[in-house]
Amino acid sequence: MTFSNPLQPIYDAFVVASDCFKVAARSVQNQQLNLLSRTQFVGATADEADVALKNASSQAADLAILALFATFERWVIEHLQNASSWIASGTPPGYSSNLAETFRKAVEYWRFEDILKLFGNEVDEALIMRAGQIKKYRDWIAHRNPQKAVPPNTTPQIAFEVLSDLIDQIRTTHAASE
């Protein structure tokens, strides 16, 4: 059975955007005016364009990490909500059905760190820890609280690889149970 990676379109878009920044930088550097028409780079100095492109590239990387983690988080929650059918198949049937429905609704509001711990016996613990670090960085990007220290930086590539590996491991271990 082949499953698509829900993170792939986000990462692919980030890679294309990164390539576009490189092309724009080369166009400015080489003063290819035909490529620069109707852009903010017309009349900009090379230094001004370089600063603008570096800032945009940094923002694109941060937005990619936000989107990658949000998509991963949604995938994991939906995976657990679908797993509520395992609970519903228990006995006594009425109780199990009610418990499954309560679980399905409640998981939406759990702390994500607690959700990841549910997979601790099934997937690589180091991946769970790395996902937790990515979440901390994602939270910092989203909130930029000056009262909190900046967590270790990550890149969209690392976030994509770690979160994709987690999705693969969760699918693999749960496919045997389904």
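Anyway, here's the lowdown on the structure attached to this text.

Criteria and thresholds
Residues numbered from 1 in each chain as written. Predicted model: local features only at pLDDT ≥ 70, side-chain atom pairs only at ≥ 80, totals over all residues. Heavy atoms only, no water. Helix = DSSP H or I, 4+ residues; strand = E, 2+ residues; numbered from the N terminus. Rg over C-alpha atoms; globule rule 2.2 N^0.38 Å. Core = buried A, V, L, I, M, F, W, Y, C linked by side-chain atoms within 4.5 Å. Buried < 20%, exposed > 50% of the residue type's maximum accessible area, 1.4 Å probe, protein only. Contact = heavy atoms within 4.5 Å. Polar contact = N/O pair within 3.5 Å; in protein donor to acceptor, adjacent residues only side chain to side chain. Axes fitted to C-alpha atoms, helices over the stretch in contact; angles between N-to-C directions. Parallel < 35°, antiparallel > 145°, perpendicular 65-115°, else oblique. Expected span 1.5 Å × (residues − 1). Phe/Tyr/Trp six-rings, centres within 6.5 Å; stacked < 30°, edge-to-face > 60°. Patch = residues over 30% accessible without salt bridge, like charges linked within 9 Å, V, L, I, M, F, W, Y side chains within 5 Å. Areas by Shrake-Rupley, 256 points an atom, 1.4 Å probe, with all protein chains shown as cover. Salt bridge = Lys/Arg side-chain N within 4 Å of Asp/Glu carboxyl O. Lys, Arg positive; Asp, Glu negative; His and termini not counted. Charge placed at Lys NZ, Arg CZ, Asp CG, Glu CD.

**Side note on the overall build of the protein**
Line of reasoning, step 1. When its secondary structure is counted, the protein shows seven helices and zero strands.
Line of reasoning, step 2. The linear arrangement of helices and strands in the protein, starting from the amino end, is α-α-α-α-α-α-α.
Line of reasoning, step 3. For 178 residues, the compact-globule estimate of 2.2 N^0.38 gives 16 Å, and the C-alpha radius of gyration of the protein, at 21 Å, exceeds that figure by more than 25%.
Line of reasoning, step 4. If you line up the protein on its principal axes, its C-alpha atoms span 75 × 45 × 30 Å.

**A look at the nonpolar core**
Line of reasoning, step 1. Ranked by size, the top nonpolar core spans 30 residues in total, and within it F72, V76, I115 and F119 carry the most contacts.
Line of reasoning, step 2. When residues of this core are assigned to their parent elements, the largest contribution, nine residues, is made by helix α3 (residues 46-88).
Line of reasoning, step 3. Sequence-distant contacts of V76, that is, excluding residues within four places in its chain, are made with F112, I115, F119 and I170.
Line of reasoning, step 4. Of all hydrophobic cores here, the second largest spans six residues; its members include A24, L36, F41 and L53.

**Some words on the environment of N145**
Line of reasoning, step 1. Structurally, the position occupied by N145 is in the loop between α6 (125-143) and α7 (156-175).
Line of reasoning, step 2. A polar atom in the side chain of N145 sits 2.8 Å from the backbone nitrogen of Q147.

**A short note on the packing of α3 against α7**
Line of reasoning, step 1. The contact between α3 and α7 brings their axes to 9 Å, and the two run at 10 degrees. Judged by the inter-axis angle, α3 sits roughly parallel to α7. The segment α3 lies against α7, with A61, A64, I65, L68, F69, F72, W75, V76, H79 and W86 engaging P156, A159, F160, L163, L166, I167, I170, R171 and H174.

**As for α6**
Line of reasoning, step 1. The end-to-end C-alpha distance of α6 is 27 Å, a good match for the 27 Å that 19 residues give at a rise of 1.5 Å each.
Line of reasoning, step 2. L127, I128, A131, I134, K135, Y137, R138, W140 and I141 are the residues of α6 that are buried.
Line of reasoning, step 3. Structurally, α6 contributes buried residues whose contacts are with α3, α5 (112-117) and α7.
Line of reasoning, step 4. Between the side-chain oxygen of the N-cap and the backbone nitrogen of A126 there are 3.0 Å, and the N-cap of α6 in question is D124.
Line of reasoning, step 5. Backbone geometry just downstream of α6 places R144 in the positive-phi region, at approximately 45 degrees.

**Section: the packing of aromatic side chains**
Line of reasoning, step 1. Under the criterion given, the structure shown has seven aromatic pairs.
Line of reasoning, step 2. With a centroid separation of 6.3 Å and an interplanar angle of 40 degrees, the aromatic rings of Y11 and F14 are classed as tilted. Remark: F14 and Y11 occur in helix α1 (residues 8-29); sequence separation between them is three residues, near one turn of the helix. Assigned by exposure class, Y11 and F14 land together as buried.
Line of reasoning, step 3. Centroid distance F69 to F112: 5.6 Å. Interplanar angle 80 degrees. Geometry classified as edge-to-face. Within this pair, whereas F69 is found in helix α3, its partner F112 is found in helix α5, the two being separated by 43 residues in sequence. Like F69, the residue F112 is buried in the burial classification.

**A look at a negative patch on the surface**
Line of reasoning, step 1. A surface patch of negative charge is lined by D124, E125, E161, D165 and D168.
Line of reasoning, step 2. Ranked by the residues each element gives to the negative patch, the list is headed by α7, at three residues.

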